[in-house]
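Descriptive analysis of the structure
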Amino acid sequence: MYSSDQVQRLQKLSTSLLSLVSKSTPLDDRLEELRDVLRFNEYRYAILNDPLISDFEYDTLYKALEKIEAARPDMVTPDSPTQRVASGLTKEFPTVQHLVPMLSLENSYNEEDLLDWDRKARELSGLEELEYCIEPKFDGASISLTYENDRLLRGVTRGDGVAGDEITTNIKQIRSVPLSANISRYGLQLVEIRGEVLMNKNSFKKYNEQLAEQNLPPLANPRNAAAGSLRIKDPKEVSRRNLEAFLYHVAYFTTLDGAQVTDGHVEGTDETTADLHINKALKTHSGSLQMLWDLGFRSPQKEKRVVKGIQAVIDYCHEFEKGRDDLPYEIDGMVIKVNDFALQDKMGMTTHHPRWAIAFKFKARQATSTLRRVEFQVGRTGSVTPVAKIDPVPLSGVTVSSISLFNEDVVREKDLKIGDQVLVERAGDVIPYIVKPLAEVRTGKETPIIFPTECPVCSHKLEKPEGEAVWRCVNINCPAQVVERIIHFASKDAMDIRSFGDANVRKFYELGFLKDVPGIYRLPYDKIRELEGFGEKSVGNLQAAIETSRQQPLHRLIFGLGIRYVGETTAKTLAAAVSHLRDFAGFSLEDLQNLEDVGPKVGASVYQFFHNPDNLHLLDELEGLGLNLKSQKSTASAGGNLDGQTFLFTGTLSRLKRSDAEEMVEKNGGKLLSGVSSKLNYLVVGEDAGSKLEKAKKITSIQILTEDEFIKLIS
Ligand code: IVH
């Protein structure tokens, strides 16, 4: 896509534009250069996964472009990098006809299937040996993109194969989908390209963590996550989901001189694409993948292989399957395509699938088993989770016998019964889940799953708060909750106390060595040494791990406290907002909600936590035991001339870089807040300041500074 000369030039241009922006030099006459640089960096990030500038620098350039376009709306082009962003909600997704139907693929599951298919393919083509192009079978949601006159015209879902939903606005949120592509360079006027939208494993994991923080059921697999995301009516939410796209098939095109070509066949003539000689690129499938790559699409370039004969196909499929778990995204097999377009045309297709391609499906990560019983586990917040106990069954490398059913609604929706045969699936390293019961093979002996009305551990009556799907044990002294709270406190993402896992916590609790979180710091090591399996060395390690944890940064402690709806990200926000954890006792609900990403639900939960005397007592106790309750920011900065003063920046600064200004505050002993509240001393206002300024004006104790006034204050 970019030659090394172009890379050099664009990298230099990025740097020089960045320095101009930092000096507030107007860039109105360099609009196209800004766009080129942004497109180039977007490509480095989304297609090559090898960015050359930081996210911050990208945002700086992006904002510079946004600012110019805001002043000159007449200069905005549809393929400007700013045009991905949409405001408001999508009303509906109109149905559009695909230019060529989106066909499915024939499946194969083993070597014999592939050998059979190759035999038929050779017969049909009349050749002794065929050249194949093999590529991954991406496990996502299929899409069709149309580019006309070098610009993205629309994006459509597969739908029923003949017509799908027009989801262009959502497609634009995918950074690996270019808004423009220089197809005219290939003599093309319009092209319809097929591919797959994916959510990579990492984004999927993060997304499920967010759902869990909000007490929502997790999504089953990245495929469902991708398909569901494409149908969301809020494009901003689609953007947050970090979708990606692979494009692997040129389905239809018209040339600048008017020829129409469908799946390699020229309409109304006997000519084929190969005869047309439009371009070498469009003689073979691998050539078309190369063309897509050169046009800036993420096509399976590195992943594909062109081979002769079916044995080499089989070998590559096996080779790729071995590395399947190391890929950042899910695949469920390989796709084998006859490489020559003229041959593809000769072989044709059925109404369901092309005869020139076949999918080789990897071993299913699905299995069937019998649901024996459902246990109810009490979590640290008292939530009662149904857990299915099934006959142990091997599934992609592990034996599965226990599967969370999440909540009552999930069980009801799936209509599960004890004794059911169930279909179990596990996508990659994703936790297993029950897809469905096999209702057709029921014997009539299956029995309903009965939900308890009392806590299975402490027998306290269970409650189900309005609008929630989870039953809860509200007895905060319930032993199950206490143990889970301690386990969470010590866990890797919280206080990270190594060698203090679930089993030890449970054991010490049962033996009466430990009854609450502060108890971790008062363990009777002499008694532990007497236990079987606890040598001098292992007790020493445990003691050392517990000692070190006292100095963990504040955000880890906050996360470890297990405040409802406070995940790791919120814990960081909270830690940055105070100098000492106890400060939250003085925060109003409004103060809390002014913090970034703290909504009414999270705010109310944090407010309740810090207004409960038992919890404040717990904090005092932990501090008394030597735990760190101070924010790192406050400790690092103590002693400067802004000591303890709080700052917030809003709008675009013209003389200073935002990150530099923030660093200056901290170096001088000041603190940064992330929202406007009565805790704020100074709001520093740059250009185009918005709602934060309006809010600050209403709180008389806040001093509003211009950038110059701020610089004066600092110096
Ligand atoms: S080619 C006319 N190539 O698998 C040929 N499909 O089970 C159309 N898929 O509907 C398909 N990766 O959504 C092709 N490399 C790949 C693919 C792929 C995933 C999907 C596609 C198709 C489904 C068929």
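Predicted model only: the values in this text are computed from it and were never measured.

Here is what the cut-offs are and how they apply
Residues numbered from 1 in each chain as written. Predicted model: local features only at pLDDT ≥ 70, side-chain atom pairs only at ≥ 80, totals over all residues. Heavy atoms only, no water. Helix = DSSP H or I, 4+ residues; strand = E, 2+ residues; numbered from the N terminus. Buried < 20%, exposed > 50% of the residue type's maximum accessible area, 1.4 Å probe, protein only. Contact = heavy atoms within 4.5 Å. Areas by Shrake-Rupley, 256 points an atom, 1.4 Å probe, with all protein chains shown as cover. Lys, Arg positive; Asp, Glu negative; His and termini not counted. Charge placed at Lys NZ, Arg CZ, Asp CG, Glu CD. Near = heavy atom within 4 Å. Polar contact = N/O pair within 3.5 Å; in protein donor to acceptor, adjacent residues only side chain to side chain. Nonpolar A, V, L, I, M, F, W, Y, C, P; charged D, E, K, R; others polar. Disulfide = S-S within 2.5 Å. Core = buried A, V, L, I, M, F, W, Y, C linked by side-chain atoms within 4.5 Å. Pairing = 2+ DSSP bridges. Axes fitted to C-alpha atoms, helices over the stretch in contact; angles between N-to-C directions. Parallel < 35°, antiparallel > 145°, perpendicular 65-115°, else oblique. Left-handed = near helix turned anticlockwise from the far one by under 90°. pLDDT = per-residue confidence, 0-100. Expected span 1.5 Å × (residues − 1). Arc of directions from axis to C-beta. Phe/Tyr/Trp six-rings, centres within 6.5 Å; stacked < 30°, edge-to-face > 60°. Lys NZ or Arg CZ within 6 Å of the ring centre and 35° of its normal. 1 Å grid on protein atoms, 1.4 Å probe; cavity = no way out; pocket = protein on both sides within 12 Å on 5 of 7 lines; lining within 4 Å. Points joined across faces, edges and corners; volume = space filled by probe spheres on them. Patch = residues over 30% accessible without salt bridge, like charges linked within 9 Å, V, L, I, M, F, W, Y side chains within 5 Å. Salt bridge = Lys/Arg side-chain N within 4 Å of Asp/Glu carboxyl O.

**Description of the overall build of the protein**
Along its length, the protein carries 26 helices and 26 strands. Taken along the three principal axes of its C-alpha coordinates, the protein extends 85 × 75 × 50 Å. Within the protein, the proportion of its 715 residues that are buried is 50%. When contacts within the protein are restricted to residue pairs at least 6 apart in sequence, long-range pairs at least 24 apart make up 67% of them. Counting every atom, the protein has about 33,900 Å² of accessible surface; 49% of that belongs to carbon and sulfur. Of the side-chain charges in the protein, 90 are positive and 104 negative, and the distance between the mean point of each set is 3 Å.

**Things to note about the site of the ligand**
The ligand sits among 13 residues. The nearest are Glu 135, Pro 136, Phe 138, Glu 196 and Lys 337. Contact distances for the ligand include 3.0 Å between a nitrogen atom and a backbone N or O atom of Phe 138. Here an oxygen atom of the ligand sits 3.3 Å away from a polar atom, N or O, in the side chain of Tyr 248. Computed on the free molecule, the ligand has an accessible area of 530 Å², of which 90% lies beneath the protein chains in the complex. By residue class, the composition of the shell around the ligand is eight nonpolar, one polar and four charged.

**Digging into the state of the cysteines**
On inspection of all chains with the given rule, the structure shows zero disulfides. This cysteine, Cys 133, is not joined by any disulfide, and Cys 317 carries the nearest cysteine sulfur, 11 Å off. Judged by its relative accessible area of 0%, Cys 133 falls in the buried class. Cys 478 forms no disulfide, and the closest cysteine sulfur to it belongs to Cys 458, at a distance of 3.8 Å.

**Quick word on the nonpolar core**
Judged by nonpolar contacts, the single largest core of 56 residues is most densely connected at Phe 500, Phe 508, Ile 520 and Leu 581. Looking at this core, the elements that each hand over two or more residues are helix 14 (479-490), helix 15 (502-510), helix 16 (525-529), helix 17 (536-549), helix 18 (554-560), helix 19 (568-577), helix 21 (600-610) and helix 22 (613-624). Those residues in contact with Ile 520, other than ones at most four positions away along the chain, are Ile 486, Phe 489, Ile 497, Phe 500, Leu 514, Tyr 525 and Ile 546. Residues Ile 143, Ile 171, Ile 174 and Met 291 belong to the second largest nonpolar core, which totals 39 residues.

**Here's the deal with the sheet that holds strand 3 (residues 131-138)**
Pairing in this open sheet of five strands is mixed, and the strands run 2-13-12-3-11 from one edge to the other. Bordering the open sheet on either side are strand 2 (107-108) and strand 11 (305-308), each of which pairs with just one other strand. Examined bridge by bridge, strand 12 (residues 331-338) and strand 13 (residues 357-361) share five bridges and lie antiparallel to one another. For Lys 337, the partnering residue across the bridge sits in strand 13 and is Ala 357. Along the sheet, helix 10 (residues 285-294) makes contact with strand 3, strand 11 and strand 12, crossing strand 3 at roughly 50°. Running at roughly 25° to strand 3, helix 11 (residues 310-322) makes contact with strand 3, strand 11, strand 12 and strand 13 of the sheet.

**Points about the packing of helix 1 (residues 4-22) against helix 3 (residues 55-71)**
Running from N to C, helix 1 and helix 3 cross one another at 70°; their axes reach a closest spacing of 10 Å. One finds that helix 1 runs roughly perpendicular with respect to helix 3. Between helix 1 and helix 3 the crossing geometry is left-handed. Note on element contacts: helix 3 touches helix 1 through Glu 57, Thr 60, Leu 61 and Ala 64, opposite Leu 17, Leu 18 and Val 21. Of the residues contributing to the contact of helix 1 with helix 3, the split by class is five nonpolar, one polar and one charged.

**With respect to the confidence of the model for the protein**
Low pLDDT marks regions whose predicted coordinates should not be analysed in detail. The pLDDT averaged across the protein works out to 90; a share of 95% of its residues lies at or above 70. Segment residues 272-277 is flagged for pLDDT under 50; beyond a separation of four residues in sequence, or across chains, it makes 18 contacts in the model. This stretch, residues 634-638, has a pLDDT under 50; its non-local contacts, to residues over four places away or in other chains, come to seven contacts.

**Some remarks on the sheet that holds strand 26 (residues 703-706)**
Pairing within the open sheet is parallel, and its four strands lie in the order 24-23-25-26. Either end of the sheet is taken by a strand with one partner, and the two such strands are strand 24 (671-672) and strand 26. Against the sheet, helix 26 (residues 707-714) touches strand 23 (646-650), strand 25 (682-685) and strand 26, its axis set at about 100° to strand 26.

**Some details on helix 3**
In this model, helix 3 (17 residues) spans 24 Å end to end at C-alpha, consistent with the 24 Å of a helix rising 1.5 Å per residue. Residues Tyr 58, Leu 61, Tyr 62, Ala 64, Leu 65, Ile 68 and Glu 69 constitute the buried set of helix 3. For helix 3, the angular spread of buried residues about the axis comes to 155°, placing them on one side. In this structure, helix 3 carries Asp 55, Lys 63, Ala 70 and Ala 71 as exposed residues pointing more than 90 degrees from its buried face. Along its buried surface, helix 3 packs onto helix 1 and helix 2 (31-46).

**Some details on the packing of aromatic side chains**
The geometry of an aromatic ring pair is captured by two quantities: the separation of the ring centres and the angle between the planes. A full pass over the atoms with the stated rule returns 21 aromatic pairs. Ring geometry for Phe 376 and Phe 451: centres 5.2 Å apart, planes at 65°, overall edge-to-face. Taken together, the residues span a long stretch of sequence, with Phe 376 in strand 14 (residues 366-378) and Phe 451 in the loop between strand 20 (447-448) and strand 21 (462-463) at a distance of 75 residues. Accessibility classification places Phe 376 together with Phe 451 in one group, the buried group. Through pairs of rings, three or more aromatic residues link up here, namely Phe 138, Phe 246, Tyr 248 and Tyr 329. Of note, Arg 175 hangs over the ring of Tyr 45, and the distance from its end group to the ring centre comes to 4.5 Å.

**Considering the layout of surface pockets**
Reported here for the second largest pocket is a volume of approximately 1,100 Å³. Forming the boundary of the second largest pocket are 36 residues, of which Ile 476, Arg 485, Phe 609, Asn 612 and Asn 615 lie nearest the centre. Every element with two or more residues in the lining of the second largest pocket is listed here: strand 22 (471-473), helix 14, helix 21 and helix 22. Among the elements that make up the lining of the second largest pocket, the one with the highest residue count is helix 14 (six residues). Of the residues assigned to the lining of the second largest pocket, the class counts are 15 nonpolar, 11 polar and 10 charged.

**Some details on a positive patch on the surface**
Together, Lys 63, Arg 658, Lys 692, Lys 695 and Lys 698 make up a region of like positive charge exposed at the surface. Take the positive patch: its biggest share by element is three residues, from helix 25 (residues 691-698).

**Quick word on the side chain of Asn 339**
Mapped onto the secondary structure, Asn 339 falls in the loop between strand 12 and helix 12 (341-347). Polar contacts involving the side chain of Asn 339 include one to the side chain of Glu 131, which spans 2.9 Å.

**Some remarks on unusual backbone geometry**
The phi angle at Ser 24 is positive, at roughly 60°, despite the residue not being glycine. Here Ser 24 lies in the loop between helix 1 and helix 2. The class for Ser 24 is partly exposed, based on a relative accessible area of 37%. Phi angles above zero are rare outside glycine, and Ser 459 is one such case at about 65°.

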